[in-house]
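Results of the structural survey
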Amino acid sequence: MPHYRSNAEEIRFYAKELLQDGQMHTRDEITQYVRAHSPNANSFTEGMFTGAIRDLVRNSNGAYINPVRGHYQRAPQSPGELAGQELRNKITGVLSDACEGLERACTVNIIGLPAEELAIAAKVAEIISMLRNNINEIETM
């Protein structure tokens, strides 16, 4: 078993392991991965995860990036890979923003709303689900 100089170093080790696939991963995915693989995971606080992931990006000389808020990945290695990843990140960012905007628009008190308005909210829920499925599909391409 490797010996780590600090909790942050161990968190970064497992975060890098997950990010080796080149895909975007959320902070929660990284945290879950570390918790599943580290024998010391019970002693890690949320602050430790936050600092370790932030430092991973900050001190990696561009090897690890934060392309979309709350998402992290290993930077693409070739110019073609970089262009494709940039397009993917922009598209998934726009779609994620659309989902968040729709969710904010639908946070109303439903008491007294007519059935037509409730039907609109149900349709918006379908649209959000479809967009999230498309985001996942694009991220795995």
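Below is a short write-up of the structure. For clarity, every value in this text was computed on a predicted model and none was experimentally measured.

Spatially, 1-3-2 is the arrangement adopted by the three strands of the open sheet, whose pairing is antiparallel. A strand with exactly one partner marks an edge of an open sheet, and here the two such strands are strand 1 (25-26) and strand 2 (64-65). When strand 1 meets strand 3 (residues 71-74), the two strands line up antiparallel, connected through two bridges. Following the sheet pairing, H25 is matched in strand 3 by Y72.

On to helix 3 (residues 46-58), then. With 13 residues, helix 3 should cover 18 Å at 1.5 Å per step; its first-to-last C-alpha distance of 18 Å lies within 8% of that length. Looking at helix 3, one finds that the buried residues are F49, G51, A52, I53 and L56.

This brings us to the nonpolar core. Formed by 17 residues in total, the largest nonpolar core has its most connected members in I11, L19, I30, V34 and F44. Looking at this core, the elements with two or more residues in it are helix 1 (7-19), helix 2 (27-37) and helix 3. Ranked by residues supplied to this core, first place goes to helix 1 with five residues. Not counting chain neighbours up to four residues away, the residues in contact with V34 comprise I11, Y14, A15, A41, F44 and F49. Of all hydrophobic cores here, the second largest spans seven residues; its members include L95, C99, L131 and I135.

A few words on the environment of N136. Residue position: N136 is located in helix 5 (residues 115-139). With a relative accessible area of 45%, N136 lands in the partly exposed category.

Attention now moves to the pairing of strand 3. For a regular strand, side-chain orientation follows a simple rule: the groups alternate between the two sheet faces. The alternating pattern of strand 3 places H71 and Q73 and Y72 and R74 on opposite faces, both of which are buried. If you look at the hairpin formed by strand 2 and strand 3, you'll find five residues sitting between the two strands, and G70 has a positive phi there, around 80°.

Attention now goes to the pattern of salt bridges. On inspection of all chains with the given rule, the structure shows six salt bridges. As a salt-bridge pair, D55 and R54 come within 3.4 Å of each other at their nearest N and O atoms. Classification of D55 by relative accessible area gives partly exposed; the value is 22%. Measuring nitrogen to oxygen at the nearest pair gives 3.6 Å for the salt bridge that ties E126 to K123. Note that E126 and K123 are positioned in helix 5 at a spacing of three residues, about one turn of the helix. One connected set of salt bridges, linked through shared partners, spans R27, R35 and E46.

Definitions and cut-offs
- Residues numbered from 1 in each chain as written.
- Predicted model: local features only at pLDDT ≥ 70, side-chain atom pairs only at ≥ 80, totals over all residues.
- Heavy atoms only, no water.
- Pairing = 2+ DSSP bridges.
- Helix = DSSP H or I, 4+ residues; strand = E, 2+ residues; numbered from the N terminus.
- Expected span 1.5 Å × (residues − 1).
- Buried < 20%, exposed > 50% of the residue type's maximum accessible area, 1.4 Å probe, protein only.
- Core = buried A, V, L, I, M, F, W, Y, C linked by side-chain atoms within 4.5 Å.
- Contact = heavy atoms within 4.5 Å.
- Salt bridge = Lys/Arg side-chain N within 4 Å of Asp/Glu carboxyl O.

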